[in-house]
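Summary of structural features
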Amino acid sequence: MASLKLGSKAESFQLHGQEWICMTELSSDVVVEVGEFSFHLHKFPLINRSGTLQKLINSQDSNSNSNQQCIIRLHDIPGGSKAFETISKFFYDIKMELTAQNIVSVHCAAHYLQMTDDFGEGNLMTQTEYFLREVFTSWHDSIRALQTCEDDVLFHAEELHIVSRCIDSLASKACADPSIFGWPLMEHYSSKNLEGSVLWNGISPVPAKSPGRDWLYRDISVLKLPMYKRLILALKSKGAKPDDIAGSLMHYAKKYLPRLNKRGVHKESSSGPGLSETDQKSLLEELVSLLPLEKGVNKTNFLLGLLHTTIILKASNSCKENLEKLVGNQLEDAHLDDLLIPNASYTAESLYNVDCIQRVLDQFMMQHQSGLATSPEITEELQMVESSNKEMEAITSVGRLVDGYLAEIADDTTLKCAKFQAIAASLPDYARPLDDGIYHAIDVFLKSHGSMTDSEREQLCHLMNCQKLSLNACTHAAQNERLPLRVVVQVLFFEQLRLRTTIASWFFVSDNMDQNPPRVLPRSPKREGNGEETGDLRMDELRLRVIELERECSSMRQELIKIGKSKDGSRPWSYLSKKLWFAGTKALVQADDKEGSALDC
């Protein structure tokens, strides 16, 4: 830390209680009161160095008796008694030291007392101004000096442009390229980086490894919010990288908002001073207003942590809306655990704040509307054509995320079906290449909400496209007694349709093989004689099997109609669904085996 030593005489001030007494041969003829302290001094050195004290002393001498002691009151001097103690030593040329910790208060107090060169060459204003320039060349000293610009010193420091000069110095150093200037400080570089390198004339041929930007986040986080905010704005105006701004804000929030640590967004414990909820609320709103708007600069889990804290501290609506927009712009990078924001109110309708996630999801869809306008066309087989890979990756990723979120909140028995449906329906159909995820969420919701009516269950199942279920999901759905009868019939119907399409494609392949037989190795005479006859036999068996399947499906439809008309509903539905599912699956396996045998022939 830089310092400037002034004065040549030994210490001659003594403190008795709250009185500073200058121990000289002459008795004191003036008392200067600063706050709770009194300084017993002499008029002559004060008049020679300070224009303000000269006016006060001369004015009091002309209005009082010569035998009355002169008393000067300086209760509004910047820096208080501590700064005046240092200045008192300067009056008597007693050894004193200027540092980054006291330079601001001493400089402001010297300006207040008019200690310019008009009252002696090399006066204190000249000395402090010279040292201030030296302080501004050092990163750490500039931060220490800026920390002292508060309370009674702030107004005078602003008036003398100390704050603006200090902030400008810090911003310039933070934005400078360390590889060119070595700023902000070479002490941030470990000496181990220089081991093994050959030094010539003090220059290393191997550049030192950069320590990263943690030093910046750590160093400026010691500033109080008003100064920190001004420094961040200065960094932005100097062209600092948005990543550095976001990293610094995240470090600052972690330090002074302990709820972020409790939520698990940051593993380190809060090391900052404890703030009241009102102060935390103000700090949170200020930090949110400073966040960069570029997509992907702020970490999504950090933004969701801030959003959670905003709800707890009941911050302003504008603060909440800004965070929801930022999260919505990069929702595809979020994790499921970060979306599970509990409701802070005891009167809430559900355990989780689904309204907040709904707004975030709406923001995501709004941001991707331009991409969705040119989204892929959907054919009957739900194949996506001419898609934008980047847009579709984001949308499908959010689709998986939302399905997982719905499955998590579906266990909440207080969750309304309308809110569940609203979140699920926020995404377009092509956001889900497979509907296994939404089917699982619906199944969990039906299980935890057993009192739903048939019409409510059918309406809920409209969120699911039965044609987009995988084989495992279809197997589960066909035997799921919680699903409405109509939905299970749809699942079985589409599986039958899929089976018929598969068999038809086999026939198409077989016909092509008959017209263009593949080249094979010569067979034995016995097999060569029966090859054509065997192939015809296999095809006849396949055709007969298809006819048999159609008959079975027709009889099962009649049985379904009877069940639908039955009033008691005592016949187990699961038995019929298993029967139909087993028949379809068995046919598919048998047809597959027969086709394989036909191809071998």
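Residues numbered from 1 in each chain as written. Predicted model: local features only at pLDDT ≥ 70, side-chain atom pairs only at ≥ 80, totals over all residues. Heavy atoms only, no water.

**Some remarks on the sheet that holds strand 3 (residues 19-22)**
In spatial order, the strands read 2-3-5-4-6; together these five strands make up an open sheet with mixed pairing. Bordering the open sheet on either side are strand 2 (13-16) and strand 6 (70-73), each of which pairs with just one other strand. Averaged over neighbouring strand pairs, the angle between their axes works out to 20° when direction is ignored. Bridge analysis of strand 2 against strand 3 gives four bridges, and the strand direction is antiparallel. Its bridge partner being in strand 3, L15 is matched across the sheet by W20. Across the face of the sheet, helix 3 (residues 80-91) comes into contact with strand 2, strand 3, strand 4 (30-34) and strand 5 (37-41) while running at roughly 15° to strand 5. (Pairing = 2+ DSSP bridges. Helix = DSSP H or I, 4+ residues; strand = E, 2+ residues; numbered from the N terminus. Axes fitted to C-alpha atoms, helices over the stretch in contact; angles between N-to-C directions. Contact = heavy atoms within 4.5 Å.)

**Some thoughts on the environment of S455**
Mapped onto the elements of the fold, S455 is located in helix 23 (residues 454-461). You can call S455 exposed: its relative accessible area is 52%. Each C-alpha atom of the pair S455 and P484 lies 8.7 Å from the other, and the pair is 29 residues apart in sequence. (Buried < 20%, exposed > 50% of the residue type's maximum accessible area, 1.4 Å probe, protein only.)

**Some remarks on unusual backbone geometry**
Residues other than glycine seldom take positive phi values, yet Q114 does so here, at roughly 55°. Tracing the chain through its elements places Q114 in the loop between helix 4 (103-112) and helix 5 (124-136). Here D151, not a glycine, exhibits a phi torsion of approximately 55°, which is positive. Within the element layout of this structure, D151 appears in the loop between helix 6 (139-147) and helix 7 (154-159). We classify D151 as exposed; its relative accessible area is 65%.

**Notes on the environment of P484**
Assignment of secondary structure puts P484 in the loop between helix 24 (471-478) and helix 25 (485-515). Remark: the alpha-carbon pair of P484 and E458, spanning 26 residues in sequence, is separated by 6.1 Å. Those residues in contact with P484 that sit more than four places away from it in its chain are R457, E458 and C461.

**As for the packing of helix 4 against helix 5**
Put simply, helix 4 and helix 5 touch, their axes get as near as 9 Å, and they point 150° apart. With respect to helix 5, the axis of helix 4 lies roughly antiparallel. Seen from above, helix 4 lies across helix 5 with left-handed handedness. Residues I103, V106, H107, A110 and H111 of helix 4 touch helix 5, and the partners they reach there are L124, M125, T128, E129, F131, L132 and V135. Across the contact of helix 4 with helix 5, the residue classes tally to eight nonpolar, three polar and one charged. (Parallel < 35°, antiparallel > 145°, perpendicular 65-115°, else oblique. Left-handed = near helix turned anticlockwise from the far one by under 90°. Nonpolar A, V, L, I, M, F, W, Y, C, P; charged D, E, K, R; others polar.)

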